[in-house]
Every structure is written in C-alpha cells, then in structure tokens.
Amino acid sequence: MYSSVVVCSSSNSIVEFLSLNQLDIEKNITMNTEPNFCDCLCSVLMSRRNKRKRKRMAEKLTDIELTGIILEETKPRTLGGDPSSVLLQEDDIETGRGTLRVAVQGDRSKAAIITYHDIGLNHVTNFQGFFSYGDMQPILRHFCVYHINAPGQHDGALPLMQRQEIGDPKAPVSNQETGDTVGLTPQLNMNTEPHDDPAMPLVKGADKRYHFPSMDELSEMILPVLQFYGIKHFIGFGMGAGANILTRFALNHPEKVDALALVNCTASVSGWTEWGWQKLNTWYLKSGSMTGFTEDYLLWHWFGQKTVDQNYDLVRMYRDTMKHINPHNLALFIESYTKRTALAVHRDLPKLGVKSTPGKNTGARALDCDVLLMAGDNSPHLDAMVDMNSRIDPSKTSWMKISDCGGMPLEEAPEKVCDAFRLFLQGLGYVPFMSQTKIMESRSAASRASLLGAGGGGRGSITGTTHQTPVVQEQEAEC
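Residues numbered from 1 in each chain as written. Predicted model: local features only at pLDDT ≥ 70, side-chain atom pairs only at ≥ 80, totals over all residues. Heavy atoms only, no water.

A. Main features of the overall build of the protein chain. Looking only at helices and strands, the protein chain has 16 helices and 11 strands in total. Here the protein chain holds 479 residues, and the buried ones make up 43% of them. Summarising the internal contacts of the protein chain: among those between residues at least 6 apart in sequence, 73% fall at separations of at least 24. Accessible surface for the protein chain amounts to roughly 25300 Å². Of this, 53% is attributable to carbon and sulfur atoms. (Helix = DSSP H or I, 4+ residues; strand = E, 2+ residues; numbered from the N terminus. Buried < 20%, exposed > 50% of the residue type's maximum accessible area, 1.4 Å probe, protein only. Contact = heavy atoms within 4.5 Å. Areas by Shrake-Rupley, 256 points an atom, 1.4 Å probe, with all protein chains shown as cover.)

B. A look at the pattern of salt bridges. Tallied over the entire structure, the rule returns 10 salt bridges. One salt bridge in this structure joins Asp387 and Arg391, with 3.1 Å as the shortest N-O distance. With Asp387 and Arg391 both in helix α13 (residues 382-391) and 4 residues apart, the pair spans about one turn of that helix. Since its relative accessible area comes to 28%, Asp387 is described here as partly exposed. Each of the salt bridges in this network shares a partner with another, and the network as a whole consists of Glu90, Asp92 and Arg101. (Salt bridge = Lys/Arg side-chain N within 4 Å of Asp/Glu carboxyl O.)

C. Here's a closer look at the pairing of strand β6 (residues 143-149). Among the 7 residues of β6, 7 are classified as buried, and the element is accordingly described as predominantly covered. Taking every second residue as pointing to the same face, both faces of β6 are buried, with Phe143, Val145, His147 and Asn149 on one and Cys144, Tyr146 and Ile148 on the other. Sheet analysis places strand β4 (residues 98-105) next to β6, joined by 5 bridges and oriented antiparallel. Paired with Gln105 across the strands is Val145, a residue of β6. (Pairing = 2+ DSSP bridges.)

D. Layout of unusual backbone geometry. With a phi close to 55 degrees, Asn264 is a non-glycine residue in the positive phi region. Using a relative accessible area of 2% as the deciding quantity, one classes Asn264 as buried. In this structure, Asp404 is a non-glycine residue whose phi angle is positive, near 55 degrees. Looking at the secondary structure, you find Asp404 in the loop between β10 (397-402) and α14 (409-412).

E. Summary view of the packing of aromatic side chains. This model, assessed by the stated rule, comprises 20 aromatic pairs. Taking 6.1 Å as the distance between ring centres and 20 degrees as the angle between the ring planes, the aromatic pair formed by Trp277 and Tyr297 counts as stacked. A residue pair is termed long-range when its members are at least 10 positions apart, and Trp277 in helix α8 (residues 272-286) and Tyr297 in helix α9 (residues 292-303) qualify at 20 residues. Looking at Trp277, the relative accessible area reads 39%, which means it is partly exposed. A ring pair is formed by Trp302 and Phe303, whose centres lie 6.4 Å apart and whose planes are at 85 degrees; its orientation type is edge-to-face. What makes Trp302 buried here is its relative accessible area of 0%. When its relative accessible area of 0% is taken as the criterion, Phe303 is described as buried. (Phe/Tyr/Trp six-rings, centres within 6.5 Å; stacked < 30°, edge-to-face > 60°.)

Written out as structure tokens, the structure reads:
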C-alpha cells in the first residue's frame, strides 16, 4: 500500500489518491495511451468510494433492524395452556363391567355430543386440542360435550389388576337385617359364584385377574352414561377404536344416535400383520414399561409415517404424553381392540329387478343415522376408511379425505375438520344461522385478544373440578 501522484500530460491535471493497492493499478491501469490511463484511474477511485458507501449504509441498516428485538427461547408445543380457559366436570361412573371416567364440557341443557378416544389416548390427548380450537367455540355454544374414557385409560389411572375378595376389610359388607349388599348393585348377594364380571366381588380362591371388556361390551357401557346424565339421544364423535365402539352402539341402539362423525374407523377384523405387531406391544406393555418399539408403533398408528418424519414438534409432544399412560391398562385395551369382531354393517342396495328391504340381507344391518367419515390422505387407515364407506348407505354418508394430512386430522388440520363438522351439523338442522363469516369474525377477535395479552395461551386446557363415583346399574336407560 502506498501513496502516489500521477501526471497526465494531455489534461495537465494532477490526480492524487491515497492507499491505492498496487494490484489494482496493475489490473486497471494500462500505460499504452494517456486517455485509457485516466479512465481506468477514475473507475478505480469510484469503485472504492462506492464500496465504502455501501458498507456505511449496511452498518446503519443493521443497527435499525436489530433495534427493539428481544430474543426469547422457543417453548415446546404442549396440550396445556391457561388452566381456567376450559372448565370440565369429571365423574367416575360405575358400570357392570368397570368404571368409566366422563369429562363434561359445556351446558348440560344443550344437545349432547359424546366422544370416544383411540388406543393409547384419552379425552385430553385425543380431543382437548380440537374442542378448544378457536373455530369450534361458536359451535360448542349450542352443544354439551361428554368425553368418555375407556376403563383405566385416563391420566393417573391405577392398574386394573385385581378385584376385591369377600372377607377383605375393604370389601363391601352386607346388611344383616335385610341381607342386601352395601355398596354393590342390587342384584348381587353374598353367594356370588366365580364369574367374569369385573364389577362383582369374587369368592376366595377365584380368579382375581381383571377381564377387560370386549368391544361390544365397551359399546354397551355407554348406556349407564346416558342414564346417569339423562341423555335421550346424542351425536357421536370417535376416532380409531372409539369410532368402532360408537358404531357398534349405533347398530344396537339406533334410536339413541342422531349422527356419527368417525375418524379412522375400521369395520373389519384385525389382519395378521396388525395382530403380530399388537401382540408384541401387549407383551412389552404388560411388563410395566413403555418401550421405544411400542412408542414408534403408536405414533405410526396415530399419524402415519410421513407425519412422523416431517412434523417433529407434534410428534415430540405426543411422545411426551405417553409417559402418563398406564402400560398395563393400555395393554388390556389393545388386546380388546385386536380381538374385535367385524362390524355387521352393509349397505342394502336393491338388485336389478329385485325388491330389497333394508335389514333383510343375511343378518347384516344398516346404519340408520347420518355419518361423516374423515381421514387424511396420508393416514395409515385410509384403505380401512374406504372399506367402511363402501358398507354404508351413500345417501346418508359424507366421505371426506383431507389433503396434506396424516392420521390425526384433529391436530394436523383442525380448521378443515371444523368446517366439515359445521356443515355436517347444519345438514342435520343444527346451528342453521352459523356461517363462515361468523367463524372468521370469531377467529379475528381471538387473534386480537391474544395480541393484546388477553389470551391464555395455546388452545386451552382441561381441568377437572369434581370427582363423583355414582353407582349405575347397567340396563337400558329410560330417557
């Protein structure tokens, strides 16, 4: 680097520049002709000045852009939020085949929606995010949601290991004057023989293992819930195993079901591949631990492989929720679902030239209610849903395949499910005056509230407020 003075004879001018790189002179200045020398020298000086000018402007812009920015650590996605955002009443309802925990969300004087969850989930992990979603709030003003948990599947559930023996200090005792058993259903007495009913006591020496209800028995356990809350009819909303249970109930009690919204419902028995995977899962779970093998299978069962590979945040959240599942109870539920029988439901279409009467086809029955079938286009249960759609009367079925979605559209595409569910309800005569404009206005108001700091955070949370343990006989509710 050096200073230099150059004299140009043609213009008799002196051009002085400081700190000129010798390499720039050799590249840009040629001494063949005097005019070329001046032009090259001026271009070098202008390039230097432009570089310094751009550098100063970049420094000023950087200072402006970084002003007022506060760095915060990213928080992982969770199912929780403001504890006061959604308030539920939780009841433990005793039935003849076990205890059901039911969470009630909304005004009980409104029309009823009953939900049932999939294997490995409960009402919190399966439905909390969806029913706390902003677009669902205008719809929920017209309904009361009853979330049913299968026996032993709620958070903090104790293992379904043994039943009480007669003679045990904690066992129910009989009234010596009347002979009635205190704390049991009226049909029981002290001369009970060994049986498979988990709600009944066992005599000494009898089998003390808990016999988890079958899929048909789980569907019949909905009747005591209807009796306890005084529900005459309802709209069912189920996913996976829960959708199968609600469909069985609708086939056996069509007068009590107005409509069904089913996600990933399977109408056939389990295949050999599913049976093999589930057999390994139950073996691991009964050992008392949640292994990585079982976690990977449940994530695939819920979401499908594409979502597991791409949506890391959602998958990590559900992987954390598995820590709250009782492994032994989950193994019993999986066993019951794997041993399911095929749904005896078929569409009864008249053949050419032959009159057909609904319900007269080889013992198969048809669903009398309207049905909304939903599945993601990347769902591992898509073929099962297509088979389910082929079994139902097309005049009463709405089939929706959600694009860019895996096996859990309630979490992956809640806005699409909300729109489909709203239109389905309007087709049944519910919420007739609710339009997409009102949904958008509600969404905008919620966004403004969150920006102003009035929102709680997330999609909301569910907290139990009361726990009751009523005893309800398992018989058909007169409601």
